[in-house]
Amino acid sequence: MDALVTVSGLHKSYGDLEVLKGIDFEVARGEVVAIIGPSGSGKTTMLRCINLLEQPTGGRIVVDGRVVCEQADDGSMRFAEKGEVREIREEIGMVFQRFNLFPHMTALANITEAPRAVKGMSKSDARDLAVELLDSVGLANKADAYPLQLSGGQQQRVAIARALAMKPALMLFDEVTSAVDPELAGEILLVMKRLAQQGMTMLVVTHEMSFAADVADRVLFIDHGVIVEQGPARDLLTDPQNPRTRAFLHAVLDRAPMTEDDDSITASGEDAGFGSTDLFSEQAAVEPESGPDDG
Amino acid sequence: MDWDIVWESVPLIWKGAGATVTMFAWALVIGTVGAFALSLMRLSAAKPLQWFAIGFGWLFRGIPLLILLFFAFFALPELGILLSPFLAAVLGFSLWTAAYQAEVIRSGIISVPPGQAEAAEALGMTRAHYMRRIVIPQGVRIMMPPYTGNAITLLKQTSLATLVTVPEMALLTQRIFSNNFQFIEPIFVLGVIYLGMTTVLLIISAGVEHAFRLKV
């Protein structure tokens, strides 16, 4: 398997509190992996370790051949150097629960800032890219709007466009629909679904089980800092083997495991007019190697 | 009040306006640069820097500005450092400004939600870029009212430079007292000039605040 992300023996503690207790998994190029689990299970912390927003206290993470962190024989942690961390982060786009847009900049400027500052892209190139990206997330007419003038769903789509502007190899999504009104979640999920179809490698921490079923290749169920169960999305969500997985799914779905016809992400009416530009077609062409990870 | 005396006093006092404004401007610029450095020290992870910044604020906010001026003008020469009245005053005012504005700038910096720092980090931006492009433009809006308040206080307090013999407006006003035994008119003129200057500061501040407002 051509692994883009390899995580092995990942530990994270805050003082005496051990949040991650040894996590191992790989993500193949082009694969979409959903991470589910109860709140406080460590799934967000795990995601944040991958781009070092949290510093792991044990284990090894490799992204696209670059060592993000690893543990020396004496147990001490070695992290990539400052400059290298920035380079690794260029490869990894992240979308947050609370959008974290820069409120003093227009939607367009939010998107152009990092390509210009970090990649040295010219003003006009960055602008063209931002316009294309806004179109691809259905917000072509919102380029000059400020974040506070946008709905939560729109802000989150700008945040996705902002992350994509760095042309990342990997996208991390941290409960990106949790802070928006339920009726606006669909428009965000639709953007993510299209991105997945275009071949983007995605790690998605989510409570949206139907999204996981519909879009993810594989699902990891995390509880108490360990991966309790993992497998192809359909199998895990419809026929969980572990009793903890079963209990969790029962609780969130408010019934027994999903049925086969349970899925379909739909956009809410207003912004259904997504642009037709397929920015990631080159990646899509390279890579339909997604599939369950059995080993 | 005799309006003829008022009009005679205006040019005599106005001669000191240059000294007042230059002392104010230098102290504001030097003090603000110092305040920014102090606020970064205060927010840094390094304990010695934190303690330095805290100690600086404690010292220079805790003793009267007049004593700072006396120290700079009368005591430093005994230590071999001879400053002109103007430089001694600017030194004292700068220390005062740095100590007070440091807290204002720090509150502006921490007013920016930490999620934006994470977003900037995740995008690969450097700390310096994040400060310059994300934090400061937003912080300015929060900082402006208390910053202006301190700047107005500074402008008025430049009148203390009288006591270290800087020929600024208040000193020239006192000369009229002793030369002409006129009081009410020069005091009136001095007050009106200060009021005019502080009004200008308020207008500039409101303009800056408006320019950095968040569009909703």
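Let us look at the structure shown here. Keep in mind that this is a model prediction, so the values were computed, not measured. (Residues numbered from 1 in each chain as written. Chains lettered and ligands numbered in written order. Predicted model: local features only at pLDDT ≥ 70, side-chain atom pairs only at ≥ 80, totals over all residues.)

**Examining the overall build of chain A**
Line of reasoning, step 1. When you go through chain A residue by residue, the secondary structure sums to 10 helices and 11 strands.
Line of reasoning, step 2. Taking the contacts inside chain A whose residues are at least 6 apart along the sequence as the reference set, 66% of them involve residues at least 24 apart. (Helix = DSSP H or I, 4+ residues; strand = E, 2+ residues; numbered from the N terminus. Contact = placed C-beta atoms within 7 Å.)

**A word on the overall build of chain B**
Line of reasoning, step 1. Helix and strand counts for chain B stand at 9 helices and 0 strands.
Line of reasoning, step 2. Sequence-ordered secondary structure for chain B, helices as α and strands as β, is α-α-α-α-α-α-α-α-α.
Line of reasoning, step 3. Reported as C-alpha extents along the three principal axes, the dimensions of chain B are approximately 70 × 50 × 20 Å.
Line of reasoning, step 4. Here chain B holds 216 residues, and 38% of them are scored as buried. (Buried ≥ 20, exposed ≤ 12 C-beta atoms within 10 Å, placed from the backbone.)

**A closer look at the sheet that holds strand β9 (residues 201–205) of chain A**
All names here are of chain A.
Line of reasoning, step 1. With respect to topology, 6 strands assemble into an open sheet ordered β7-β8-β9-β3-β10-β11, the strand pairing being mixed. Each edge of the sheet is formed by a strand with only one pairing partner; in this case those strands are β7 (92–95) and β11 (226–232). The sheet shows a mean angle of 15 degrees between the axes of neighbouring strands, taken without regard to direction.
Line of reasoning, step 2. Pairing between strand β8 (residues 170–174) and β9: 5 bridges, direction parallel. Each residue of the ladder has a partner; that of F173, found in β9, is V204. (Pairing = 2+ DSSP bridges. Axes fitted to C-alpha atoms, helices over the stretch in contact; angles between N-to-C directions.)

**Brief notes about the sheet that holds strand β2 (residues 17–28) of chain A**
All names here are of chain A.
Line of reasoning, step 1. Across the sheet, which stays open at both edges, the 5 strands sit in the order β2-β1-β4-β5-β6 with antiparallel pairing between neighbours. Each edge of the open sheet is held by one strand with a lone partner, namely β2 and β6 (77–79). Adjacent strand axes in the sheet meet at a mean angle of 15 degrees, parallel and antiparallel pairs treated alike.
Line of reasoning, step 2. As paired elements, strand β1 (residues 3–14) and strand β4 (residues 58–63) share 5 bridges and run antiparallel to each other.

**Quick notes on the interface of chain A and chain B**
Line of reasoning, step 1. The interface of chain A with chain B comprises 20 residues on the first partner and 17 residues on the second.
Line of reasoning, step 2. Listing elements by their share of the side of chain A that touches chain B, those giving two or more residues are α2 (82–91) and α3 (107–119) of chain A.
Line of reasoning, step 3. Residue composition of the side of chain A that touches chain B, by class: 11 nonpolar, 4 polar and 5 charged. (Nonpolar A, V, L, I, M, F, W, Y, C, P; charged D, E, K, R; others polar.)

**Focus on unusual backbone geometry**
Residue and element names in this part refer to chain B.
Line of reasoning, step 1. Phi at T165 takes a positive value of approximately 65 degrees, unusual for a residue other than glycine.
Line of reasoning, step 2. Tracing the backbone shows T165 in the loop between α7 (127–157) and α8 (169–180).
Line of reasoning, step 3. Residue T165 is classed as partly exposed on the basis of its 14 C-beta neighbours within 10 Å.

**Overview of α7(B)**
Residue and element names in this part refer to chain B.
Line of reasoning, step 1. Spanning 31 residues, α7 covers only 36 Å between terminal C-alpha atoms, well under the ideal 45 Å at 1.5 Å per step.
Line of reasoning, step 2. Three or more residues of α7 are buried, namely Y130, I134, V135, Q138, G139, M143, M144, Y147, N150, A151, L154 and L155.
Line of reasoning, step 3. Looking at the buried positions of α7, the neighbouring elements they touch are α2 (17–43), α5 (85–110), α6 (114–122) and α9 (184–211). (Expected span 1.5 Å × (residues − 1).)

**Let's talk about the nonpolar core**
Line of reasoning, step 1. I35(A), V204(A), A212(A) and V219(A) are the most contacted members of the largest nonpolar core, which has 142 residues in total.
Line of reasoning, step 2. Ranked by the residues each element gives to this core, the list is headed by α5(B), at 14 residues.
Line of reasoning, step 3. In this structure V204(A) touches V32(A), V33(A), A34(A), I35(A), F173(A) and A216(A), once residues within four positions along its chain are discounted. (Core = buried A, V, L, I, M, F, W, Y, C linked by C-beta atoms within 7 Å.)

**Re the pairing of β1(A)**
Residue and element names in this part refer to chain A.
Line of reasoning, step 1. Pairing of β1 with β2 involves 9 bridges; the strand directions are antiparallel. For T6, the partnering residue across the bridge sits in β2 and is E26.
Line of reasoning, step 2. Hairpin connection from β1 to β2: 2 residues lie between these consecutive antiparallel strands, with G15 at a positive phi of about 60 degrees.

**Description of the packing of α3(A) against helix α5 (residues 152–164) of chain A**
Residue and element names in this part refer to chain A.
Line of reasoning, step 1. Look at α3 against α5: their axes get within 8 Å of each other, and the N-to-C directions meet at 25 degrees. Taken together, α3 and α5 sit at an angle that is classed as roughly parallel. Crossing geometry of α3 relative to α5 is assigned as right-handed. The segment α3 lies against α5, with A107, N110 and I111 engaging V158, A161 and R162.
Line of reasoning, step 2. Counted by class, the contact of α3 with α5 contains 4 nonpolar, 1 polar and 1 charged residues. (Parallel < 35°, antiparallel > 145°, perpendicular 65-115°, else oblique. Left-handed = near helix turned anticlockwise from the far one by under 90°.)

**Brief notes about α5(B)**
Residue and element names in this part refer to chain B.
Line of reasoning, step 1. Its 26 residues place the ends of α5 38 Å apart at the C-alpha level, agreeing with the 38 Å of an ideal helix rising 1.5 Å per residue.
Line of reasoning, step 2. The largest bend in α5 comes to about 30 degrees, at Q101.
Line of reasoning, step 3. For α5, the buried fraction is high: 21 of the 26 residues fall into the buried class. (Bend = angle between axes of the 7 residues up to and from the residue.)

**A short note on the packing of helix α4 (residues 65–75) of chain B against α5(B)**
All names here are of chain B.
Line of reasoning, step 1. One can describe the packing of α4 onto α5 by two numbers: an axis separation of 8 Å at closest approach and a directional angle of 140 degrees. The orientation of α4 with respect to α5, classified from their angle, is oblique. Crossing hand, α4 versus α5: right-handed. Counting all contacts with α4, which are made through L65, L68, L69, A72 and F73, the residues of α5 involved are P85, A88, A89, L91, G92, L95 and W96.

**Comments concerning the environment of M46(A)**
Residue and element names in this part refer to chain A.
Line of reasoning, step 1. With respect to the secondary-structure elements, M46 resides in helix α1 (residues 43–50).
Line of reasoning, step 2. The buried category is assigned to M46, around which 26 C-beta atoms lie within 10 Å.
Line of reasoning, step 3. Considering only alpha carbons, one finds M46 and K12, 34 residues apart in sequence, at a separation of 8.2 Å.
Line of reasoning, step 4. Filtering out sequence-adjacent residues up to four positions away, M46 remains in contact with L10, L20, I23 and I222.

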